[in-house]
Amino acid sequence: MSTPASSTSSSTALPIARVVLRILIVLNWLMAAAILALLIALPNERWIMSAFKLAPSPDADRLIMGLRAVAVLGLVGVPLNYAILKRLVAIVETVRAGDAFVAANADRLQAIAWTLLALQLLSIVIGAIGKAVSSPAHPVHLDAGFSINGWLAVLLTFVLARVFAEGTRMRDDLEGTV
């Protein structure tokens, strides 16, 4: 039984979530376009060297290759983020329809959990590249690497997927007895 206050807050939360998720989908693809532009159109070795104030050296070559590798891995993250966002939109739609505990949502959450796991592994690789190409003269600080919060989100999503699967099973059992 829901109270008017909880009904009002949930009725405004879902449309907001839907709009925010759709905006994030657009921003995700814009990020892909920006990374592609950086990889293909804009930088050449001389541009990167001047941007980082590098003199020609083996360290400079290593840094440039590392930054390019990070950009390519950033592109790998774009479809992973899209997979998560697309599934979240679908979950929001089922909740708006009043039918959250369906097998499809449990499957979506399971897929989201695996995708979050892939993103965490990708972040560790990106962080390792950043550390490998960083030098005292040209430190590279990336917001990547091991994240306790990221790994907790992975675990939480796997658990939530199981909760949804169990909730769906219980609802189906209850409907079968009525």
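Everything that follows concerns the structure shown earlier in this document.
Since the model is a prediction, treat every value here as computed from it, not as a measurement.

**Regarding the packing of helix H3 (residues 58-96) against helix H4 (residues 103-133)**
Remark: H3 packs on H4, axes separated minimally by 9 Å, with the N-to-C direction vectors making an angle of 165°. Considered as vectors, H3 and H4 are oriented roughly antiparallel to each other. As H3 runs across H4, the sense of the crossing is left-handed.

**A short note on the pattern of salt bridges**
Throughout the structure, instances matching the rule amount to seven salt bridges. Where Arg-171 meets Asp-172, a salt bridge forms, and the shortest distance between an N and an O atom there is 4.0 Å. Exposure remark for Asp-172: the relative accessible area of 41% places this residue in the partly exposed category. The network of salt bridges with common partners includes Arg-162, Glu-166, Arg-169 and Asp-173.

**A closer look at helix H5 (residues 148-177)**
Given a rise of 1.5 Å per residue, 30 residues ought to cover 44 Å, and the 43 Å separating the end C-alpha atoms of H5 matches this to within 8%. Where H5 is concerned, the buried positions are Gly-150, Val-154, Thr-157, Ala-161, Phe-164, Gly-167 and Thr-168. Of the surrounding elements, those touching the buried residues of H5 are H4.

**Thoughts on the layout of surface pockets**
Taken as a whole, the largest pocket spans an internal volume of roughly 440 Å³. As for the largest pocket, its lining consists of 22 residues, and the residues nearest its centre are Gly-74, Gly-77, Asn-81, Leu-119 and Ile-126. Among the elements of the structure, helix H1 (4-41), H3 and H4 are those that each provide at least two residues to the lining of the largest pocket. It is H3 that contributes the most residues to the lining of the largest pocket, nine residues altogether. Across the lining of the largest pocket, the residue classes break down as 15 nonpolar, six polar and one charged.

**Some thoughts on the packing of H4 against H5**
Contact pair H4 / H5: the axes reach a minimum separation of 8 Å and the direction vectors enclose 170°. What the angle tells us is that H4 and H5 run roughly antiparallel. Once H4 is placed against H5, the crossing between them reads as left-handed. Classifying every residue of the contact of H4 with H5 gives 18 nonpolar, six polar and no charged.

**A look at a nonpolar patch on the surface**
Residues Ile-16, Val-19, Val-20, Ile-23, Leu-24, Val-26, Leu-27 and Leu-30 make up a contiguous nonpolar surface patch of about 700 Å² in total accessible area. If you trace the backbone, Val-26 turns up in helix H1.

**Looking at the side chain of Ser-123**
Along the polypeptide, Ser-123 turns up in helix H4. Taking the relative accessible area as the measure of exposure, Ser-123 reaches 18% and is therefore buried. Apart from residues no more than four positions distant in its own chain, Ser-123 is found in contact with Ala-144 and Gly-145.

Each value, and the rule that gives it
Residues numbered from 1 in each chain as written. Predicted model: local features only at pLDDT ≥ 70, side-chain atom pairs only at ≥ 80, totals over all residues. Heavy atoms only, no water. Axes fitted to C-alpha atoms, helices over the stretch in contact; angles between N-to-C directions. Helix = DSSP H or I, 4+ residues; strand = E, 2+ residues; numbered from the N terminus. Parallel < 35°, antiparallel > 145°, perpendicular 65-115°, else oblique. Left-handed = near helix turned anticlockwise from the far one by under 90°. Salt bridge = Lys/Arg side-chain N within 4 Å of Asp/Glu carboxyl O. Buried < 20%, exposed > 50% of the residue type's maximum accessible area, 1.4 Å probe, protein only. Expected span 1.5 Å × (residues − 1). Contact = heavy atoms within 4.5 Å. 1 Å grid on protein atoms, 1.4 Å probe; cavity = no way out; pocket = protein on both sides within 12 Å on 5 of 7 lines; lining within 4 Å. Points joined across faces, edges and corners; volume = space filled by probe spheres on them. Nonpolar A, V, L, I, M, F, W, Y, C, P; charged D, E, K, R; others polar. Patch = residues over 30% accessible without salt bridge, like charges linked within 9 Å, V, L, I, M, F, W, Y side chains within 5 Å. Areas by Shrake-Rupley, 256 points an atom, 1.4 Å probe, with all protein chains shown as cover.

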